[in-house]
Amino acid sequence: MYSVFPGGTEGKSEAWIFKTKKAPVVLVSVPNEINCVDTNARFVWKKADAEFYTLQIATDSLFTDFIYNKNNLTDTSVAVSIPFYNTKFYWRVAAKKGLCLTDWSERWEFTSKQHSPQLLLPANGAKGAELFNSVPFIT
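What you see as residue numbers is a count from 1 along each chain, following the sequence as written. Given that the model is predicted, a residue must reach a pLDDT of at least 70 before its local features are reported, and side-chain atom pairs must reach 80 or more before they are shown or counted; all residues, however, enter totals for whole chains, interfaces and linings. Note that water and hydrogens are dropped before the side-chain values are worked out from all heavy atoms of the structure.

Caption draft 1: Structural view of the overall build of the chain. Counting from the N terminus, the helices are the DSSP runs of H or I reaching at least four residues and the strands are the DSSP runs of E reaching at least two. Within the chain one finds 0 helices and 11 strands. Walking the chain from its N terminus toward its C terminus, one meets helices and strands in the order β-β-β-β-β-β-β-β-β-β-β. Relative accessibility decides the category of a residue: with a 1.4 Å probe and only protein chains considered, values under 20% of the type maximum give buried, values over 50% give exposed, and everything between is partly exposed. Buried positions account for 28% of the 139 residues belonging to the chain. Taking the intrachain contacts of the chain between residues at least 6 apart in sequence as the baseline, contacts between residues at least 24 apart amount to 56%. Only the protein chains shown count as cover for residues, and the accessible areas themselves come from Shrake-Rupley with a 1.4 Å probe. As displayed, the chain has an accessible area near 10400 Å², and 55% of this comes from carbon and sulfur atoms. Residue contacts follow a heavy-atom distance rule, with two residues in contact if any of their heavy atoms lie within 4.5 Å.

As structure tokens, this is what we get:
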């Protein structure tokens, strides 16, 4: 490196060594913008030159309302139980090696599946009713 010192003199400066951050993690699955994700979902990302990963899943795009926020993950996939039906979620991952944490991955979003319908009529185990007054429903 070549420097200009006060007074206009020139010369070599001391060499300094530094490293830049590694690239952000690449997400694989749960796919971006997918609907009807099961409440037992597996989140997957590509392996990076990292010792640990952090996975965050939130109900808001600013990641202030977490449903999952886990550091020190060593695998590149995690099974997570999604607590709400028919809800939009956001997820992202960062990698850590030594003291260096990457920037967050892209922010991906998904919507959980709808709750199964609730059966109302006839009552469970019903043997007959006004609506079912013919064989085989009459006992």
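Caption draft 2: Region of the structure containing the pattern of salt bridges. Here a salt bridge means any side-chain nitrogen of Lys or Arg lying within 4 Å of a carboxyl oxygen belonging to Asp or Glu. Enumeration over the complete set of coordinates arrives at 4 salt bridges. Of the charged contacts in the structure, one is a salt bridge between Asp-49 and Lys-97, with a shortest N-O distance of 2.8 Å. Placement of Asp-49 in the loop between strand 5 (40-45) and strand 6 (52-58) and of Lys-97 in strand 9 (residues 88-97) is noted, with a sequence separation of 48 residues between them. When its relative accessible area of 43% is taken as the criterion, Asp-49 is described as partly exposed. Through salt bridges with shared partners, a single ionic network connects Lys-22, Asp-49 and Lys-97.

Caption draft 3: Representation of the side chain of Ser-77. Here Ser-77 is to be found in strand 8 (residues 77-81). Polar side-chain contacts of Ser-77 include one of 3.2 Å to the side chain of Arg-42. Definition of a polar contact: a pair of N or O atoms within 3.5 Å, with one able to donate and the other able to accept a hydrogen when the atoms are protein atoms, and with sequence-neighbouring residues admitted only if both atoms are side-chain atoms.

Caption draft 4: The arrangement of the side chain of Arg-92 in detail. Along the polypeptide, Arg-92 turns up in strand 9. Charge assignment: positive for Lys and Arg, negative for Asp and Glu; neither His nor the chain ends contribute. One buried charge, Arg-92, has no salt-bridge partner; the nearest side chain with opposite charge is Asp-60, at 8.7 Å. One polar contact links Arg-92 to Gln-56, side chain to side chain, over a distance of 2.7 Å. If we skip the residues at most four places from it in the chain, Arg-92 touches Thr-54, Leu-55, Gln-56, Phe-63, Trp-104, Ser-105 and Glu-106.

Caption draft 5: Focus on the packing of aromatic side chains. Only Phe, Tyr and Trp rings take part, Trp by its six-membered ring, and two of them pair if their centres are within 6.5 Å. Stacked means planes under 30 degrees apart, edge-to-face means over 60, and tilted covers everything else. Counted according to the given criterion, the structure contains 6 aromatic pairs. For the ring pair Phe-43 and Trp-91, a centre distance of 5.0 Å and an interplane angle of 70 degrees mean the geometry is edge-to-face. Taken together, the positions of Phe-43 in strand 5 and Trp-91 in strand 9 put the pair 48 residues apart, joining distant regions of the chain. This pair shows no difference in class: Phe-43 is buried, exactly as Trp-91 is. Centroid distance Trp-91 to Trp-108: 6.0 Å. Interplanar angle 85 degrees. Geometry classified as edge-to-face. On the criterion of sequence distance, the pair formed by Trp-91 in strand 9 and Trp-108 in strand 11 (residues 108-112) is long-range, its members being 17 residues apart.

Caption draft 6: Up close: the pairing of strand 9. The element strand 9 is largely enclosed, with a buried count of 7 among its 10 residues. Paired strands, as defined in this entry, are two strands with at least two bridges between them according to DSSP. As paired elements, strand 6 and strand 9 share 7 bridges and run antiparallel to each other. Looking across to strand 9, one finds that Phe-52 is bridged to Lys-96. Of the strand pairs in this sheet, strand 9 and strand 11 are connected by 4 bridges, and their pairing is antiparallel. Paired with Lys-88 across the two strands is Thr-111, which belongs to strand 11. Taken together, strand 9 and the strand that follows it, strand 10 (residues 100-101), pair antiparallel across an intervening segment of 2 residues, in which Gly-98 is found at a positive phi of about 65 degrees.

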